[in-house]
Amino acid sequence: MTNTPATQIDNIHAMLDSGHHSVRIEKHTFLIWGLGGAAVVLFMEWFGAQEFLKTYWQNNIAIYAIGAGALSIIAFLDHRKTRDIRKERAESVSFTQAQLIKLWWVAVGLCILTGFGMAFMDLALLTYPISLLIFGAVFYTHGLFSRQPLSLSGVLMVVAAVIGISLAVSKVLPYMTLQYLGISVFGIGLPLFAFLTDEPKRFSTALGKTGFSLGWLMTVFLPVFLVHFIAGQVSTPTGMVIVLSDFTANKAQYSKGRYIVRIPSGTKVPLMVSLEGKSLALDGNAPIAAHVTADIQVSLKDGKPDGRVKAGDAGWTDWDKRGWPLWLKDVKAELTSEKGPHAVLKLFANF
Amino acid sequence: MTNQHTPAKLDPLLHQPVRTRIAAFLAARGETTFGELKKALEISDGNLDSHMKKLVASGYIIVRKVEGKGRPQSFYSLSEPGRTAFRAYVAALQTMLGL
């Protein structure tokens, strides 16, 4: 075998290529993930249809917790089986393969997180958190093959998205602020990562990483809260409080000036629903009788709502800035000899 | 001439075809077993063993032994000095070839 520089370079290229292409998925991985994944989806669908728990919230939290737990068990079983087989064959798990396994888990985590988010939010509202999750996964991937602490950047972006979704679902922040979070993470958070990658030694210890993470999250969320509180400042209306029956009975009396109309809990509210579709339509003239479940106060100026509204014990908010997330949970259409054709639409209102 | 063979400037330990290939494979793969190396290089046990002993003795390759059920397993990887030496060797080759 010759060892001229050209031959040696060729040898090096061939072996680098061989070393890089060391990733292999074992047969059992397809079986475990395929059958296990299908079983998890079937179980989640069945569990969701049974409505074992009282509320929509509890049911969905239970479904996704069970799904995440089951997928974790599948991941663990696959990992252990792969390790045992490799050991039996006296083979190692290459660096690339080890990193790709982590990516696999990240992908599973993203599926669970987006599924969970979509159970409580319309997909349109999830645009910004999903963007953060995807970019977080991309940064994490870069970090797996880099000496720079890029994985931490990815994890922080995912954490910011999860915190954002949690704050919106638990109504600490309105859904509209998720776009402020997107702007803050990209506009402030990403430039801050330059410090992390420029001076990796400074943040290499557990204390350094924790300090950076906390500082980063605070810096990213502070403007979101500031913008929310400054832009969302709603002054308390000062008009006289009148009940709904008084307002409807004396229309002329309340057509000028400022008043607050109180709509008591239990009041019937006709919902005028319109529907357009290829095989089903509703013109919106037939009201559906909904009812108010908490006292609502509406501020009026010259007989018309001025945008300020108060529900239950919550503070005054701006009708337009608040956002009114409402989406379809389920549709069941049936045809029986007793009732004829009929459909049940389940809607979920997060306000 | 740019492709003139000047072994005096090259690391003598790495400037040997089998050992060059071992170092390149480990640089790409990370950690590997004796069996995987043998399969990738397509050489005999004895030949591989003799080269591995030299690389381990020089400190270019480190061995991690894992105890468990059955025979203990050995995993081989490039040490930091080994990685540095390999990079320097590749750079020297490229200089010689005018790359």
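Computed from a prediction, not measured in an experiment: that's the story for all the values here.

Chemist: Provide a residue-level description of the overall build of chain B, including the pertinent values.
Modeler: Counting its regular elements, chain B contains 4 helices and 3 strands. In chain B, the succession of helices and strands from N to C terminus is α-β-α-α-β-β-α. Here chain B, with 99 residues, has 45% of them falling under the buried criterion. Relative to all contacts within chain B whose residues are 6 or more apart in sequence, the contacts with residues 24 or more apart total 55%. For chain B, the accessible area works out to roughly 5,300 Å², and carbon and sulfur atoms hold 56% of it. Here chain B carries 14 positive and 8 negative side-chain charges, and the mean point of each set is 1 Å from the other.

Chemist: I'd like to hear about the nonpolar core, residue by residue, with values.
Modeler: Counting 48 residues, the largest nonpolar core has A:Met121, A:Leu181, A:Val185, A:Phe212 and A:Trp216 as the members making the most contacts within it. Elements represented by at least two residues in this core include exactly α2 (27-50), α3 (56-88), α4 (95-120), α5 (127-144), α6 (150-169), α7 (177-198) and α8 (206-231) of chain A. The greatest single-element share of this core, amounting to 10 residues, is contributed by α6(A). Filtering out sequence-adjacent residues up to four positions away, A:Trp216 remains in contact with A:Leu156, A:Met157, A:Ala160, A:Val185, A:Gly189, A:Leu192 and A:Phe193. One finds A:Ile9, B:Ile22, B:Leu48 and B:Tyr76 within the second-largest nonpolar core, a separate group that totals 29 residues.

Chemist: Run through the packing of helix α2 (residues 34-41) of chain B against helix α3 (residues 45-58) of chain B, naming residues and quoting values.
Modeler: Residues and elements named next belong to chain B. Packing of α2 against α3 leaves a shortest axis separation of 10 Å and a crossing angle of 115 degrees. By the angle between their axes, α2 is roughly perpendicular relative to α3. As α2 runs across α3, the sense of the crossing is right-handed. When α2 is examined against α3, the residues Phe34, Leu37, Lys38 and Leu41 are found in contact with a partner set consisting of Asp45, Leu48, Asp49 and Met52.

Chemist: Which residues make up the interface of chain A and chain B, and what values do they have?
Modeler: Each partner contributes residues to the interface: chain A has 24 residues there, and chain B has 34 residues. Counting the surface lost from both chain A and chain B, the interface buries some 2,300 Å², and carbon and sulfur atoms represent 65% of this. Where chain A touches chain B, the interface holds 0 salt bridges. The tally of links between chain A and chain B comes to 7 residue pairs in polar contact (both at pLDDT 80 or more). At the level of secondary structure, the elements contributing two or more residues to the side of chain A that touches chain B comprise α1 (5-20) and α3 of chain A. Of all the elements, α1(A) adds the most residues to the side of chain A that touches chain B, at 11 residues. Residues of the side of chain A that touches chain B, tallied by class, amount to 10 nonpolar, 10 polar and 4 charged.

Chemist: Mind laying out a nonpolar patch on the surface, listing which residues take part and the relevant values?
Modeler: A contiguous nonpolar patch, built from A:Phe43, A:Trp46, A:Phe52, A:Leu53 and A:Ile66 and spanning about 470 Å² of accessible area, is present on the exposed surface. For A:Phe43, a relative accessible area of 35% puts it in the partly exposed group.

Chemist: Describe α2(A), with residues and values.
Modeler: Residues and elements named next belong to chain A. Counted at 1.5 Å a residue, the expected span for α2 with its 24 residues is 34 Å, and the 35 Å between its end C-alpha atoms agrees. Where α2 is concerned, the buried positions are His28, Thr29, Trp33, Gly36, Gly37, Val40, Met44 and Phe47. Close packing links the buried residues of α2 with α3 and α4. Once α2 finishes, Glu51 follows within two positions and takes phi at roughly 50 degrees, a positive value.

Chemist: Talk me through the domain arrangement of chain A; I want residue IDs and the actual numbers.
Modeler: We note that the domain assignment places domain 1 (26-231) and domain 2 (240-322) within chain A. Measuring from the centre of the C-alpha atoms in domain 1 of chain A to the corresponding centre in domain 2 of chain A gives 40 Å.

Chemist: Explain α1(A) residue by residue, including any values.
Modeler: For α1(A), which comprises 16 residues, the first-to-last C-alpha distance of 22 Å matches the rise-based estimate of 22 Å (1.5 Å per residue) to within 8%. Residues of α1(A) that are buried: A:Pro5, A:Gln8, A:Ile9, A:Asn11, A:Ile12, A:Met15 and A:Gly19. One face of α1(A) carries all of its buried residues, which in axial projection span an arc of 160 degrees. Of the exposed residues in α1(A), those oriented more than 90 degrees away from the buried face are A:Asp10 and A:His13. As for α1(A), its buried residues are in contact with α1 (17-29), α2 and α4 (80-97) of chain B.

Chemist: Mind laying out the packing of α1(B) against α2(B), listing which residues take part and the relevant values?
Modeler: Residues and elements named next belong to chain B. Look at α1 against α2: their axes get within 11 Å of each other, and the N-to-C directions meet at 120 degrees. Taken together, the axis directions place α1 and α2 in an arrangement best described as oblique. Crossing of α1 against α2: the hand is right-handed. Contact residues: Val18, Arg21, Ile22, Phe25 and Arg29 in α1; Glu36, Leu37, Ala40 and Leu41 in α2. Tallied by class, the residues present in the contact of α1 with α2 amount to 6 nonpolar, no polar and 3 charged.

Chemist: I'd like to hear about the side chain of A:Asn59, residue by residue, with values.
Modeler: Structurally, A:Asn59 can be placed in helix α3. Ignoring any residue separated from it by four or fewer positions in sequence, one finds A:Asn59 in contact with A:Phe47, A:Glu51, A:Phe52 and A:Leu53.

Chemist: Tell me about the packing of aromatic side chains, and name the residues and values.
Modeler: The final tally for this structure, using the stated rule, is 12 aromatic pairs over all chains. Ring-pair connections join several aromatic residues into one group, and the members of that group are A:Phe139, A:Phe193, A:Phe212 and A:Trp216.

Chemist: Residue-level account of the side chain of A:Thr29, with values.
Modeler: Within the secondary structure, A:Thr29 is located in helix α2. The buried category is assigned to A:Thr29, whose relative accessible area is 6%.

Reading the values: rules and limits
Residues numbered from 1 in each chain as written. Chains lettered and ligands numbered in written order. Predicted model: local features only at pLDDT ≥ 70, side-chain atom pairs only at ≥ 80, totals over all residues. Heavy atoms only, no water. Helix = DSSP H or I, 4+ residues; strand = E, 2+ residues; numbered from the N terminus. Buried < 20%, exposed > 50% of the residue type's maximum accessible area, 1.4 Å probe, protein only. Contact = heavy atoms within 4.5 Å. Areas by Shrake-Rupley, 256 points an atom, 1.4 Å probe, with all protein chains shown as cover. Lys, Arg positive; Asp, Glu negative; His and termini not counted. Charge placed at Lys NZ, Arg CZ, Asp CG, Glu CD. Core = buried A, V, L, I, M, F, W, Y, C linked by side-chain atoms within 4.5 Å. Axes fitted to C-alpha atoms, helices over the stretch in contact; angles between N-to-C directions. Parallel < 35°, antiparallel > 145°, perpendicular 65-115°, else oblique. Left-handed = near helix turned anticlockwise from the far one by under 90°. Buried area = accessible area lost by both parts, 1.4 Å probe. Salt bridge = Lys/Arg side-chain N within 4 Å of Asp/Glu carboxyl O. Polar contact = N/O pair within 3.5 Å; in protein donor to acceptor, adjacent residues only side chain to side chain. Nonpolar A, V, L, I, M, F, W, Y, C, P; charged D, E, K, R; others polar. Patch = residues over 30% accessible without salt bridge, like charges linked within 9 Å, V, L, I, M, F, W, Y side chains within 5 Å. Expected span 1.5 Å × (residues − 1). Domains from an automatic or database assignment. Arc of directions from axis to C-beta. Phe/Tyr/Trp six-rings, centres within 6.5 Å; stacked < 30°, edge-to-face > 60°.

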